[in-house]
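Survey of secondary and tertiary structure
Here are the chains, one letter per residue:
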Amino acid sequence: MIEKLEALTAAGTLPDGLSFANVTVEPPRDALHGDLATNAAMVLAKPAKMKPRDIAEALAGLLAEDARVLSADVAGPGFLNLRIDPAVFQGLIPEILTKGTDFGRSNIGAGRKVNVEFVSTNPTGPIHVGHTRGAVFGDALASVLDFAGYNVTREYYINDGGAQVDVLARSAYERYREACGHAPEIAEGLYPGDYLIPVGEALKEKYGDSLIDKPESEWLADFRLFATDAMMDLIRHDLALLGVEMDSYFSEKSLYGSGKIEAAIASLDAKGLIYTGTLPPPKGKLPEDWEAREQTLFRSTEHGDDVDRPVQKSDGSWTYFAPDIAYHYDKIERGFDELIDVFGADHGGYVKRMKAAVSALSGGEVPLDIKLCQLVRLLKNGEPFKMSKRANNFILLSDVVEQVGRDVTRFVMLTRKNDAQLDFDFAKALEQSKDNPVFYVQYAHARVHSVLSKAGTPSDSALQAADTSLLTNPAEMALLKKLAEWPRLAQLAATHHEPHRIAFYLFELASEFHALQHLGKVDGALRFILADQPALSQARLAMIRAVAVVISAGLGILGVTPRDEMR
RNA sequence: GGCCCCGUAGCUCAGCUGGAUAGAGCAGCUGACUUCUAAUCAGCAGGCCACAGGUUCGAAUCCUGUCGGGGUCACCA
């Protein structure tokens, strides 16, 4: 399309120097308007100082010369509707069968290195259901990017440097005392979870009872290390249940004492972005205990933030923000071309400062996109389910996966935009699982498998030879056109960082397939397998095999299993 | 009070970075299997796209404001 526009420019029909950036070519919403439509004439009319219809006419004339274009009609205010030769769509089938699940893979990423950081829960316990969405989202997003030709690294940032790991160590100490036969004293503020009991026992194995009643200074550091390692094992195990595998785990603690924090701050300082000062009080309600303090500040307002942010506390120690800066600095130094952070919506307040930091550290060279996942509201029989620490009734990721299954969990979480709130009704997911869209998609895949096995499970190479020009029924063409959308859709999901588009597309594709299969029940001539028409049957089998391949590719990206049977 | 996200059918949500008559799924009503899985399909009904302005050939989409819902807000990570 762009080529044609350039040709028009060259021919002098259009003036030089027009931007084609806003020109789109896409399948119209209404099939009556043809197979493809473009708004080129309307977008260009103004800058070219020409009437939209004149541009459209010129473009139509040029496009009509292309053998693949059956007709090019100007409609409405200047839309150009194209009818494409069915052979283009029919030719898709052998291509899909040849490429397999690589069909739709693109290279728009051009091998650019992308770091997707996600989950990153504190290493103080197993993964809680609230983090499941971020885990699924980040993993699917990483796959989407990989499919689009990016070089993706999945990374987990271990928050093992702060005060909460001291709390963990103390909690583990109580469990250690318990293992040694003493009554544990789980004070307010410590982690009461049962998952620390085995850690206490393991600590007894290692240390005997030599540390009982010893001062904290003698065991805190060791216990901290031991307990966080144990928690990371738990977390890795939980992630594995979901099918999430990280490429890299990055420890916050490793930043301390390595000079990395100092180096990152120095880098900002060199740009004149670090100063000592006093922040104004927060606007609106003034906290009771607020008092002016002099701190080391990062001039994040220079990079789009609302206020400058402290990197050092008044006593000179680092704030949590300082290692975060150093961590992102490290990512930049590792040579990533793009960064993506997946946060929970409760961290929305850090977006601007983090972007400011990355912008400053990379000189604006490395884009950082922060995807916020709205928290999941758990429902039980339509009632909000409240979790409380005291009652110890936290629902864990492992609970969800064990009860509703990995596929359902993942698909439900991905059938929603990341920034929309999500209700997850436990009872519904369990009892009415038949209504779950994931089964609808898997069922389509299973049906294809079933039909193919009825036909003797022909090989893909055999199906590639099918004469797909026999596929002319409107319902078949509709299915083929839906298949044709896949590569473009996969690319859009990648450029927009929106894996949910894959889920919705798969649902639509499955819908087209189910409709077509059902037509065979109403009209016997449309059945996939016709004993007296082997060539047509072969073509149809090739078509539905192509459907299964694309479903399989899409589900693969989402981390959902394509099933061969639903029984 | 500042900032961020959301507001689309009774409910849960899409809507392809501005396109043609706004779409699905549940729920409701009518129908469709002696055949490749009915975990399916076809149809009906359901809408001031929160509200008011603005930008232009054209707005659910972009801008401003208002109203609702959620999140967050100086040494906690």
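Preceding this section is the structure that the text describes.
This text gives an overview of the structure that appears in the document. (Residues numbered from 1 in each chain as written. Chains lettered and ligands numbered in written order. Predicted model: local features only at pLDDT ≥ 70, side-chain atom pairs only at ≥ 80, totals over all residues. Heavy atoms only, no water.)

Along its 13 residues, helix α11 (residues 321-333) runs 18 Å from first to last C-alpha, staying within 8% of the 18 Å computed at 1.5 Å per residue. Among the residues of α11, those classed as buried are Phe321, Ala322, Pro323, Asp324, Ile325, Ala326, Tyr327, His328, Tyr329, Asp330, Lys331 and Ile332. Within two residues after α11, Gly335 carries a phi angle of roughly 90°, on the positive side. (Helix = DSSP H or I, 4+ residues; strand = E, 2+ residues; numbered from the N terminus. Expected span 1.5 Å × (residues − 1). Buried < 20%, exposed > 50% of the residue type's maximum accessible area, 1.4 Å probe, protein only.)

Neighbouring residues of RNA strand B: 72 residues in total, closest Arg293, Tyr350, Tyr443, Ser450 and Met566. Within 4 Å of the protein, the contacting atoms of RNA strand B are 58% sugar and phosphate, with bases supplying the remainder. Between Gln164 and RNA strand B, the recorded distance is 3.4 Å, taken from a side-chain N or O atom to a sugar or linking oxygen. Lys521 places a polar side-chain atom, nitrogen or oxygen, 2.7 Å from a phosphate oxygen of RNA strand B. When residues of the surface near RNA strand B are traced back to their parent elements, those giving at least two are α2 (40-48), β4 (79-84), α7 (163-179), β15 (422-425), α16 (437-454), α18 (474-495) and α19 (500-522). Here the element with the most residues in the surface near RNA strand B is α19; it accounts for 10 residues. Looking at the surface near RNA strand B, its residues break down into 27 nonpolar, 20 polar and 25 charged. (Near = heavy atom within 4 Å. Polar contact = N/O pair within 3.5 Å; in protein donor to acceptor, adjacent residues only side chain to side chain. Nonpolar A, V, L, I, M, F, W, Y, C, P; charged D, E, K, R; others polar.)

Between two aromatic rings, the relevant description is the distance of the centres plus the angle of the planes. Taken as a whole and assessed by the stated rule, the structure comprises 16 aromatic pairs. An angle of 45° between the planes, with centres 5.8 Å apart, marks the rings of Phe147 and Trp486 as tilted. Of this pair, Phe147 sits in helix α6 (residues 132-147) while Trp486 sits in helix α18, placing them 339 residues apart in sequence. Take Phe147 and Trp486: they sit in the same class, and that class is buried. On the basis of an interplanar angle of 40° and a centroid distance of 4.7 Å, the ring pair of Phe250 and Tyr327 is categorised as tilted. Of the two residues, Phe250 is situated in strand β7 (residues 248-251) and Tyr327 in helix α11; the sequence distance between them amounts to 77 residues. As far as burial versus exposure is concerned, Phe250 and Tyr327 are alike and both buried. Site record: aromatic cluster; members linked through ring pairs are Tyr173, Tyr176, Tyr207, Trp219 and Phe223. If you follow Arg236 out to its NZ or CZ, it ends over the ring of Tyr249, 4.6 Å from the centre. Over the aromatic face of Phe321 sits the side chain of Arg353, whose NZ or CZ is 6.0 Å from the ring centroid. (Phe/Tyr/Trp six-rings, centres within 6.5 Å; stacked < 30°, edge-to-face > 60°. Lys NZ or Arg CZ within 6 Å of the ring centre and 35° of its normal.)

Let's shift gears to the sheet that holds strand β1 (residues 25-26). In space, the four strands of this open sheet follow the order β1-β2-β4-β3, with antiparallel pairing throughout. Both edges of this open sheet fall to β1 and β3 (69-75), since each of them pairs with a single strand only. In terms of strand pairing, β1 meets strand β2 (residues 36-38) through two bridges, oriented antiparallel. Bridge assignment links Val25 to a residue of β2, and that residue is Thr38. Against the sheet, helix α3 (residues 52-63) contacts β3 and β4, and its axis sits at roughly 175° relative to β3. (Pairing = 2+ DSSP bridges. Contact = heavy atoms within 4.5 Å. Axes fitted to C-alpha atoms, helices over the stretch in contact; angles between N-to-C directions.)

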